[in-house]
Amino acid sequence: MHDMAVHAAQHHAPPTSFLRKHVFSLDHKVIGKQYYALALLAALCGMVLSWLMRIHLGWTNVAIPGLQLLSKSGAPGGVMTPEFYLQLMTMHGTIMVFFVLTTAPFAAFGNYFLPIQVGAEDMPFPHFNMMSFWVTFLAFVVLMSSFFLGDGPTLGGWTQYAPLNAIGAVSGPGQGLGVVLWATSIALFCIGQLLGALNFITTTLDLRVKGMSLMRLPLSAWAWFITSCMGLTAFAVLMPACILVILDHVAGTSFFVASNLVVNDQVQPHSGGSTLLWQHLFWFFGHPEVYIAIVPGIGIVSHVLITNMRKQMLSQRVLIYCMGALAVLSYMVYGHHMFVSGMNPFSSLAFSFPTLVITIPATIVVLIWIFSLYGSKLRINSASLFALGFVSMFVSGGVSGFFLAQPSIDIMLHATYFVVGHFHMVMGVAAMFGIFSATYFWFPKMVGRMMNETLGKVHFWLSFVGAYCIFMPFHYLGIAGNIRRYSSFPDDFLQPLIPVHRLITIAALLTGVAQLVFLYNLIHSRFWGKPAPDNPWEATSLEWSTLTPPPWDNFGGKLPVVYHDPYQYGVRSSVGDYVMQASPEQVQTPYEEK
């Protein structure tokens, strides 16, 4: 492994030109920062789109100044049409799921810290790594271009269900060129993630330094490794599915269009396809995608909590096994998204059972967190607060999953805001809290400066309270029968729910403004923050044993040797209550991974 790590580092020399150093860089750390910048840009775009939708839901006929500049036909006079609302909803979901929740916790932080945490000098395939970012960036550009080409973006939702995704403009605005651009974007995104996953897997298995056994990997490294294994399978299914959609549009095929389909009083010139085929292909990717977004958060939060608790989790091995179980089971439960598709009741039962089983490893992870926190002297800082917020959101959002695992209940709730509240809390907000926790924790190592802790705590409390004010009422709206994807509420029984939507809208606007506190803290600290020491958190894993920021080859030409597991806290050593993973110092410890 040592020889392979040296060989990998020799694939490229230190950069000399501006383009090679900052733009087309082969350095995994620069690529990680590029992924983070892309995720930040995408998050801002997705947040603005959600603001526009929330304003429309709270005050349906209000004119939003300047909205007509985004789409003259979709917002004449600044008043949003129902079709344009669906287009915004589609773009919001696609941007957030792919370009934020996948890109930031996995591609950004994983790219930057996985090689350092295993002791490697770089990724084994640096050119593939560079390609993975630029292909992902191209995918984002293609997706956003649909706002300015043709009749706007697709309105089919981030799931793009057939047959509307395959029959062209007859099914609505953006369903022609908009769908082709959407499918092209996602296919490119899949290629980028496949290239990244290959790098992550090879780095973890082949570039570990001497002494770094698999069980001595930090939990964050394990999370990135497990996620890359999921991505290698999941994205490999979604990519050809997107290609088939494009062929239905441009080549006259009928993969997802059944015979004798009538849309807008027009018989479609397609035959022989299956509308359910798309659902099977999409959700075979789609449910692992939930864990592609959340498993990196589990690893990051565990890593941050252990560092701030100053003691080990109850069982690091069990946490690793649970993350692996979540990855495996995620492929066995995808059918619970299709309970309303008319599937055989026996198939529903077959998917319902593993959906309940998958809660077991998730519950074990939560119990390990809670009982490990019990009795600890937790250091309260921005990173640990967002880690605790992750736990809270993960639990609150996960509890509602029990209801949706039952076919008889899910059929009643599936098309309502109950589902929207569930996946926003457990996948969206929890994953975002994991991203924030990682940012506050690793920012000093990435840029050499500390973030402002006071602003970080203000950011946490505003975001934490705001998230509950936004997404908890979604569950109540769903139980009341509020159908999701409706842009207005003309029915009598929905009229009393409008004040709830207005409360949610106000909370969403205020919570969005709170993110400006984070943005200011991030930018100000980058240039004017207090200089960071090499190990400000007194952490033990390998990324804290090198310079801040790390040199281009991570360890200054001398690879470390690992002597301990990554979480030696609560011990007596020459430096305090911890011993570094690469320190040869022998200490008395009740627990040591080999």
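Residues numbered from 1 in each chain as written. Predicted model: local features only at pLDDT ≥ 70, side-chain atom pairs only at ≥ 80, totals over all residues. Heavy atoms only, no water.

S.K.: Any chance you could break down the overall build of the protein chain for me, citing the residues and the numbers?
M.R.: Within the protein chain, the regular secondary structure consists of 18 helices and 2 strands. Expressed along its principal axes, the backbone C-alpha trace of the protein chain runs to roughly 80 × 50 × 45 Å. Burial status across the protein chain gives 61% buried among its 594 residues. Intrachain contacts of the protein chain at a sequence separation of at least 6 include 79% that bridge at least 24 residues. For the protein chain, the accessible surface area stands at approximately 22500 Å², while carbon and sulfur atoms represent 70% of it. Separation of charge centres in the protein chain, based on 25 positive and 23 negative side chains, amounts to 10 Å. (Helix = DSSP H or I, 4+ residues; strand = E, 2+ residues; numbered from the N terminus. Buried < 20%, exposed > 50% of the residue type's maximum accessible area, 1.4 Å probe, protein only. Contact = heavy atoms within 4.5 Å. Areas by Shrake-Rupley, 256 points an atom, 1.4 Å probe, with all protein chains shown as cover. Lys, Arg positive; Asp, Glu negative; His and termini not counted. Charge placed at Lys NZ, Arg CZ, Asp CG, Glu CD.)

S.K.: I'd like a description of empty space enclosed by the protein, backed by residues and values.
M.R.: Taken as a whole and assessed by the stated rule, the structure comprises 2 cavities of 30 Å³ or more. As a volume, the largest cavity reaches approximately 50 Å³. Lining the largest cavity, in full, are Tyr35, Phe106, Ala107, Asn111, Ser132, Gly192, Gln193, Gly196, Ala197 and Phe200. Of all the secondary-structure elements, those providing two or more residues to the lining of the largest cavity are helix H5 (103–118) and helix H7 (177–206). Broken down by element, the residue count for the lining of the largest cavity peaks at 5 residues, all from H7. A per-class count over the lining of the largest cavity returns 5 nonpolar, 5 polar and no charged. (1 Å grid on protein atoms, 1.4 Å probe; cavity = no way out; pocket = protein on both sides within 12 Å on 5 of 7 lines; lining within 4 Å. Points joined across faces, edges and corners; volume = space filled by probe spheres on them. Nonpolar A, V, L, I, M, F, W, Y, C, P; charged D, E, K, R; others polar.)

S.K.: Which residues make up a nonpolar patch on the surface, and what values do they have?
M.R.: Together, Phe125, Phe128, Met131, Leu198 and Leu232 make up a nonpolar patch on the protein surface, roughly 390 Å² of accessible area in all. Mapped onto the elements of the fold, Leu232 is located in helix H8 (residues 219–250). (Patch = residues over 30% accessible without salt bridge, like charges linked within 9 Å, V, L, I, M, F, W, Y side chains within 5 Å. Salt bridge = Lys/Arg side-chain N within 4 Å of Asp/Glu carboxyl O.)

S.K.: Can you tell me about the confidence of the model for the protein chain, naming the residues and giving the values?
M.R.: Here the protein chain averages 92 in pLDDT, while 97% of its residues score no lower than 70. Long-range and interchain partners of residues 1–10, a stretch whose pLDDT sits below 50, account for 19 contacts in this model, where long-range means more than four residues apart. (pLDDT = per-residue confidence, 0-100.)

S.K.: Mind laying out the layout of surface pockets, listing which residues take part and the relevant values?
M.R.: Empty space among the atoms can be located by rolling a probe the size of a water molecule over them. A volume near 780 Å³ is recorded for the second largest pocket. Considering the residues around the second largest pocket, the lining is formed by 27 residues, among which Val30, Lys33, Met446, Val447 and Arg526 are closest to the centre. Elements that contribute at least two residues to the lining of the second largest pocket include exactly helix H2 (18–23), helix H3 (28–58), H5, helix H16 (417–447) and helix H18 (498–528). Per element, the largest residue contribution to the lining of the second largest pocket is 7 residues, and it comes from H3. Residue composition of the lining of the second largest pocket, grouped by class: 18 nonpolar, 4 polar and 5 charged.

S.K.: Describe H5, with residues and values.
M.R.: In a regular helix each residue adds 1.5 Å, so 16 residues correspond to 22 Å; H5 covers 21 Å between its end C-alpha atoms and thus fits that length. At Gly110, H5 shows its maximal kink, close to 55 degrees. One or two steps after H5, the chain reaches Gly119, where phi turns positive at roughly 90 degrees. (Expected span 1.5 Å × (residues − 1). Bend = angle between axes of the 7 residues up to and from the residue.)

S.K.: An account of unusual backbone geometry is needed here, citing residue identities and associated values.
M.R.: Note the cis peptide between Ala162 and Pro163, where omega equals 5 degrees. In this structure, Pro163 sits in the loop between helix H6 (126–145) and H7. Here Thr548 and Pro549 are connected by a cis peptide whose omega angle stands at -15 degrees. Looking at where Pro549 falls in the secondary structure, it is placed in the segment after H18. Positive phi, close to 55 degrees, is recorded for Glu538, a residue that is not glycine. When you line up the elements, Glu538 lands in the segment after H18.

S.K.: Please give an account of the side chain of His459 that cites residues and values.
M.R.: Among the structural elements, His459 can be located in helix H17 (residues 453–479). A polar contact of 2.8 Å, which involves the side chain of His459, links it to the side chain of Gln515. Those residues in contact with His459, other than ones at most four positions away along the chain, are Phe386, Phe436, Tyr440, Ala514, Gln515, Val517 and Phe518. (Polar contact = N/O pair within 3.5 Å; in protein donor to acceptor, adjacent residues only side chain to side chain.)

S.K.: Which residues make up the packing of helix H13 (residues 382–399) against H17, and what are the values?
M.R.: For the pair H13 and H17, the least separation of the axes is 9 Å and the interaxial angle reads 10 degrees. If you check the angle between H13 and H17, you find them roughly parallel. In this structure, H13 contributes Ser382, Leu385, Phe386, Gly389, Ser392, Met393 and Ser396 to the contact, and H17 contributes Glu453, Gly456, Lys457, His459, Phe460, Trp461, Ser463, Phe464, Ala467, Tyr468 and Met472. Among the residues forming the contact of H13 with H17, the class breakdown is 9 nonpolar, 7 polar and 2 charged. (Axes fitted to C-alpha atoms, helices over the stretch in contact; angles between N-to-C directions. Parallel < 35°, antiparallel > 145°, perpendicular 65-115°, else oblique.)

S.K.: So, helix H12 (residues 359–373): which residues are in play, and what are the values?
M.R.: Across its 15 residues, H12 extends 21 Å between first and last C-alpha, which sits within 8% of the 21 Å expected from 1.5 Å per residue. For H12, the full list of buried residues reads Thr359, Pro361, Ala362, Val365, Val366, Ile368, Trp369 and Ser372. Close packing links the buried residues of H12 with helix H9 (275–309), helix H10 (316–329), helix H11 (345–357), H13 and helix H14 (401–404). Following H12 by one or two positions, Gly375 adopts a phi angle in the positive range, close to 85 degrees.

S.K.: Explain the environment of Leu305 to me, using residue names and the numbers behind them.
M.R.: By the secondary structure assignment, Leu305 is in helix H9. Given the relative accessible area of 0%, Leu305 is considered buried. Considered as a pair, Leu305 and Gln266 are 39 residues apart in the sequence and their alpha carbons are 59 Å apart. Excluding residues that lie within four positions of it along the chain, Leu305 makes contacts with Met313, Trp369, Leu373, Leu378, Ser384, Ala387, Leu388 and Val391.

S.K.: An account of the packing of H12 against H13 is requested, with residue identities and associated values reported.
M.R.: Closest axis-to-axis distance for the H12/H13 pair is 11 Å, and the angle between their directions is 140 degrees. For the element pair H12 / H13, the angle class is oblique. Taken as a pair, H12 and H13 cross one another with a handedness that is left-handed. Contacts between H12 and H13 pair Ala362, Val366, Trp369 and Leu373 from the former with Leu388, Phe390, Val391, Phe394 and Val395 from the latter. Here the contact of H12 with H13 is composed, by residue class, of 9 nonpolar, no polar and no charged. (Left-handed = near helix turned anticlockwise from the far one by under 90°.)

S.K.: Give a detailed account of the nonpolar core, specifying residues and quantitative values.
M.R.: Counting 187 residues, the largest nonpolar core has Trp369 and Trp442 as its most contacted members. Of the residues forming this core, the biggest block, 19 residues, is contributed by H16. In contact with Trp369, not counting residues within four places along its chain, are Ile298, Val301, Ser302, Leu305, Met313, Leu319, Phe390, Val391 and Phe394. (Core = buried A, V, L, I, M, F, W, Y, C linked by side-chain atoms within 4.5 Å.)

S.K.: With reference to specific residues and values, describe the packing of aromatic side chains.
M.R.: Taken as a whole and judged by the stated rule, the model has 51 aromatic pairs. Each ring, one from Phe284 and one from Tyr331, has its centre 5.3 Å from the other, and the planes form 50 degrees; the classification is tilted. In this pair, Phe284 is assigned in helix H9 and Tyr331 in the loop between H10 and H11, connecting sequence segments 47 residues apart. For Phe284, a relative accessible area of 26% gives the class partly exposed. For Tyr331, a relative accessible area of 17% puts it in the buried group. Three or more aromatic residues joined by ring pairs make a cluster, and in this case those are Phe98, Phe99, Phe140, Trp158, Phe189, Phe235, Phe256, Trp278, Phe282, Trp283 and Phe285. (Phe/Tyr/Trp six-rings, centres within 6.5 Å; stacked < 30°, edge-to-face > 60°.)

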